[in-house]
Amino acid sequence: MTTHQAPVNGARPWALLAELTHACPLHCPYCSNPLELARRSTELSTGQWTDVLRQAAALGVVHTHLSGGEPLLRPDLERIVAAAEAAGIYTQLVTSGTGLDEARLGALCAAGLRSVQLSVQHADAKANDRIAGRPSSFAAKERAAALVRRAGLPLGLNVVLHRDNLDAVDDLIELGEAWGVDRIELANTQFYGWGLLNRAALLPTRDQLARARETVERRRERLAGRIDLVWVVPDYFDGVAKPCMGGWGAVSLTVAPDGTVLPCPAAASLPDLDAPNVRDRPLDWIWEHSPAFNRFRGTGWMSGPCGGCPRREEDFGGCRCQAYALTGDAARTDPACALSPDHHLIRSLTDTGPVQEPPPYVYRRPGAVPEPGHGGSPEPAGR
Amino acid sequence: MAGQPSGAGVTPVSGSQWRPALAPALMLRHDSVRGTDLLVLPERVVVLEGHAGQVVGLCDGTRTVRGIVDELAGRFPGAPVATEVPSFLDRLHQEGWLK
């Protein structure tokens, strides 16, 4: 009689990331959503999401993150939660907290919502609101946390870490304790979408990371058994590629607001992926047969150092979207890996000392992306 | 027979008074696609192998550990439920999955 973690290489997907909308009241510069945000008029309808969830359950999905953007901006969120529950899928709401009041949470719980993940940008209210690009968003989060606690749902805090909040990790953990959360995810920024655009402003120093890591280790001992403290590694600094998505088309899938289905939420950035859409094809065909989901499945596509690497079944060659963003070729070894011939692209960014004057944020807003050649922000190669 | 603590210095909770119940955050379900029972948590999925799903299914807050053992002994004559089930329940309690 034993329990074990779900196998990493299941033939069927376990989880669905449902990006219900790209609309968001917050404007965080680290957001991994694509620079070209889906317009609200292109979003899937309630009926289409209901059908997606039914198909996902039949395919083997048991867990969905209802995310965005801000999923609370969907007035039909309760009906989408109910559709997931009816299909037997466990739901977690991933929210900024803005727009969550007692009535809304009550309706979501009645529809079958199981758990909540709340984003926080900083432990200090003013700093939080500056990063989020929205006044009083911290106060909304504090209220939301209290409401979720009162409703008895499990609550996780999700903090994306970067130059402007890594020094506050201790305070952030204290905040999580004060708010009574069950889990704190401290996720070092993954540089996709808006995060890549703002990389020069967000990239921390090695010293900052070392101090934060020490703090987390110290705190973790004290919190053991009470709060699950999760540290998502900064792959730019560790010289080790992350096992992105547990492998391409191996464990989970993402459905974007307009119905595009992706093996990874950042894969919309790959220009020649020819991503399938639930409006055109059934989900089981997309998972099993679509060229997009088979493109980097397994290890057969690998070349360069990955092909003969003993770690290829552990890290799956790292992240395809990062390989593309930094080299212009999605099939190359992730430059985060110290064995990659392109590793210098990352070392040149992380080995220079701290940037004295980081550029201002480009806040995540439709139309906020600067014209090419205008301003000093990095653009993904090949764009 | 008392359950074995599976961690150093942890007192087993499979004593006579405890009536195990699934923690509210968890969902126990059968996965017909994979032909197995699952415990679904906010951030992970645990595959319950063998008869583990049936054991967890009896944890509804009404039965003592002894009651669960007796019920399983009836279902699976000759199986070592009296030695295995209490320690299994202790482990699930330590994970926070049973209250």
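The rules we used
- Residues numbered from 1 in each chain as written.
- Chains lettered and ligands numbered in written order.
- Predicted model: local features only at pLDDT ≥ 70, side-chain atom pairs only at ≥ 80, totals over all residues.
- Heavy atoms only, no water.
- UniProt positions renumbered as here; feature names shortened; annotations may be inferred.
- Helix = DSSP H or I, 4+ residues; strand = E, 2+ residues; numbered from the N terminus.
- Contact = heavy atoms within 4.5 Å.
- Buried < 20%, exposed > 50% of the residue type's maximum accessible area, 1.4 Å probe, protein only.
- Axes fitted to C-alpha atoms, helices over the stretch in contact; angles between N-to-C directions.
- Parallel < 35°, antiparallel > 145°, perpendicular 65-115°, else oblique.
- Left-handed = near helix turned anticlockwise from the far one by under 90°.
- Nonpolar A, V, L, I, M, F, W, Y, C, P; charged D, E, K, R; others polar.
- Polar contact = N/O pair within 3.5 Å; in protein donor to acceptor, adjacent residues only side chain to side chain.
- Arc of directions from axis to C-beta.
- Pairing = 2+ DSSP bridges.

Chain A goes by PqqA peptide cyclase in an unreviewed UniProt entry, where it is assigned to Streptomyces aurantiogriseus. The heading Pathway (unreviewed entry) in the UniProt record of chain A holds the text "Cofactor biosynthesis; pyrroloquinoline quinone biosynthesis." We quote the UniProt Function (unreviewed entry) comment for chain A here in full: "Catalyzes the cross-linking of a glutamate residue and a tyrosine residue in the PqqA protein as part of the biosynthesis of pyrroloquinoline quinone (PQQ)."

1. Here's the deal with the UniProt feature "binding site: [4Fe-4S] cluster" (unreviewed entry) in chain A
All names here are of chain A. The positions that UniProt labels "binding site: [4Fe-4S] cluster" (unreviewed entry) are, in the present scheme, Cys24, Cys28 and Cys31. Inspection of the secondary structure assignment puts Cys28 in the loop between β2 (15–19) and α1 (46–59). Among all residues touching Cys28, those that are not within four sequence positions of it are Gln121, Ile131, Ala132 and Arg364. Following the sequence through the fold, Cys31 ends up in the loop between β2 and α1. Accessibility expressed as a relative area gives 14% for Cys31, which makes it buried.

2. Observations concerning unusual backbone geometry
Residues and elements named next belong to chain A. For the bond from Gly68 to Gly69, the omega torsion is 10 degrees, close enough to zero to count as cis. Note on placement: Gly69 falls in the loop between β3 (63–67) and α2 (77–86). Non-glycine residue Ser136 carries a positive phi angle of around 60 degrees. In the Ramachandran plot, Met245 falls in the positive-phi region, its phi being about 60 degrees despite a non-glycine side chain. By the element assignment, Met245 lies in the loop between α10 (235–238) and β9 (252–255). Overall, the relative accessible area of 27% leaves Met245 in the partly exposed class.

3. Quick notes on the packing of α1(A) against α2(A)
Between two packed helices, the angle of one axis relative to the other and the distance separating the axes together describe the packing. Residue and element names in this part refer to chain A. Relative to each other, α1 and α2 sit at 20 degrees, their axes nearing to 9 Å. Classed by the angle they form, the pair α1 and α2 counts as roughly parallel. Where α1 crosses over α2, the handedness of that crossing is right-handed. Residue-level inspection shows Thr46, Trp49, Thr50 and Leu53 of α1 in contact with α2, the latter providing Arg79, Ile80, Ala83 and Ala84. Residues belonging to the contact of α1 with α2 are distributed by class as follows: five nonpolar, two polar and one charged.

4. Looking at the environment of Arg311(A)
Relative to the assigned elements, Arg311(A) resides in the loop between α13 (304–307) and α14 (312–315). Once residues lying within four places of it in the same chain are set aside, the contact partners of Arg311(A) are Val240(A), Ala241(A) and Phe316(A).

5. Comments concerning the side chain of Asn128(A)
Residues and elements named next belong to chain A. Looking at the secondary structure, you find Asn128 in helix α4 (residues 125–132). Given the relative accessible area of 0%, Asn128 is considered buried. A polar atom in the side chain of Asn128 sits 3.2 Å from the side chain of Ser137.

6. Topic: helix α3 (residues 102–111) of chain A
All names here are of chain A. For α3, the set of buried residues is Arg104, Leu105, Leu108 and Ala111. Mapping the buried residues of α3 onto a view down its axis gives an arc of 120 degrees, with all of them on the same face. Projecting away from the buried face of α3 at angles above 90 degrees are the exposed residues Glu102, Ala103 and Ala110. Buried residues along α3 sit against α2, β4 (90–95) and α5 (137–151). Of the residues one or two after α3, Gly112 is the one with positive phi, at around 115 degrees.

7. Examining the sheet that holds strand β10 (residues 261–262) of chain A
Residues and elements named next belong to chain A. If you walk across this open sheet you meet the nine strands as β8-β7-β6-β5-β4-β3-β2-β9-β10, and the pairing is mixed. Edge strands, defined here as strands with exactly one partner in the open sheet, are β8 (228–232) and β10. Note that β3 and β4 share four bridges and pair parallel. When the sheet's bridge partners are listed, Thr64 is paired in β4 with Thr91. Each of β7 (183–188) and β8 touches helix α9 (residues 206–223); the most contacted strand, β8, lies at about 160 degrees to it.

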